[in-house]
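Listed here are the chains, written in short residue letters.
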Amino acid sequence: MPAHASPADLYRHSLRLLLEKDIPAWVGLWAEHGVMEFPFAPPGWPERLEGRAAIADYMRPYPDHIDLRDFPDLRIHQTTDPGTIVVETRGVGRMVETGEPFDMTYVAVVSVEDGRLTSYRDYWNPLAVPAPAADFARSNAR
């Protein structure tokens, strides 16, 4: 992805990498000191991941638990800061362990500098996650 790509283009590319289950390439979109936050994380779940290495550790097993198949209803909103977007989407797929459907609505505030993700605040609802995914999120808490 070129360094001059817009935040919206970089985000769309990140979704394609998640669908391809290419977690190393997805992590490669991050700035070395990027921060991923989960403001609605319940106790025992990660609230903040600091740095590309922590984000990589958290995301590495993701495809083993959740098989994402699509991100329908993608809406990207520009903000007054040209490096920050607000994203609304759904992630749909299935739980790998059980085959149960996975359907989660997300709102994220994403910031980009020099073609890299620097901040990602993920306002997802952990109460709506099926149990195997919940175990995955908890097991990766720091």
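Residues numbered from 1 in each chain as written. Predicted model: local features only at pLDDT ≥ 70, side-chain atom pairs only at ≥ 80, totals over all residues. Heavy atoms only, no water.

> Lay out the overall build of the protein chain in plain terms, naming residues and giving numbers.
If you tally the helices and strands in the protein chain, you get five helices and seven strands. Sequence-ordered secondary structure for the protein chain, helices as α and strands as β, is α-α-β-β-α-α-β-β-β-β-β-α. Scored against the burial criterion, the 142 residues of the protein chain give a buried share of 51%. In the protein chain, 51% of the contacts between residues at least 6 apart in sequence involve partners at least 24 apart. (Helix = DSSP H or I, 4+ residues; strand = E, 2+ residues; numbered from the N terminus. Buried < 20%, exposed > 50% of the residue type's maximum accessible area, 1.4 Å probe, protein only. Contact = heavy atoms within 4.5 Å.)

> Quick rundown of the packing of aromatic side chains? Include the residues and the values.
By the definition in use, this model includes six aromatic pairs. Ring centres of Trp45 and Trp124 lie 5.5 Å apart, and the angle between their planes is 35°; on these two criteria the pair is classed as tilted. Here the residue Trp45 occupies a position in the loop between β1 (30-37) and β2 (48-50), and Trp124 occupies one in the loop between β7 (116-122) and α5 (131-139), the gap between them amounting to 79 residues. Across the pair, exposure class does not vary: Trp45 and Trp124 are buried alike. (Phe/Tyr/Trp six-rings, centres within 6.5 Å; stacked < 30°, edge-to-face > 60°.)

> Can you break down the environment of Ala25 residue by residue, with the values?
With respect to the element layout, Ala25 can be found in helix α2 (residues 23-27). Since its relative accessible area comes to 27%, Ala25 is described here as partly exposed. Once the C-alpha coordinates of Ala25 and Ser14 are considered, the two residues, 11 residues apart in sequence, prove to be 8.5 Å apart.

> I'd like a rundown of the nonpolar core, residues and numbers included.
By size, the foremost hydrophobic cluster in this structure holds 38 residues, and its most contacted members are Tyr11, Trp26, Met36, Met59, Phe102 and Val110. Elements supplying a minimum of two residues to this core: α1 (7-19), α2, β1, α3 (52-59), β3 (66-70), β5 (84-95), β6 (101-113) and β7. Apart from the residues within four sequence positions on either side, Tyr11 is in contact with Leu74, Ile76, Ile85, Val87, Thr89, Val110 and Tyr120. (Core = buried A, V, L, I, M, F, W, Y, C linked by side-chain atoms within 4.5 Å.)

> Please provide a residue-by-residue account of the pattern of salt bridges, values included.
A full pass over the atoms with the stated rule returns 11 salt bridges. Of the charged contacts in the structure, one is a salt bridge between Glu88 and Arg75, with a shortest N-O distance of 3.8 Å. Of the two residues, Glu88 is situated in strand β5 and Arg75 in strand β4 (residues 75-78); the sequence distance between them amounts to 13 residues. Among the residues examined, Glu88 registers a relative accessible area of 25% and is labelled partly exposed. Of the charged contacts in the structure, one is a salt bridge between Asp103 and Arg90, with a shortest N-O distance of 2.9 Å. Within this pair, whereas Asp103 is found in strand β6, its partner Arg90 is found in strand β5, the two being separated by 13 residues in sequence. Exposure remark for Asp103: the relative accessible area of 47% places this residue in the partly exposed category. Residue classification places Arg90 among the partly exposed residues on the basis of a relative accessible area of 25%. One salt-bridge network, in which partners are shared between bridges, spans Lys21, Asp67, Arg69 and Arg94. (Salt bridge = Lys/Arg side-chain N within 4 Å of Asp/Glu carboxyl O.)

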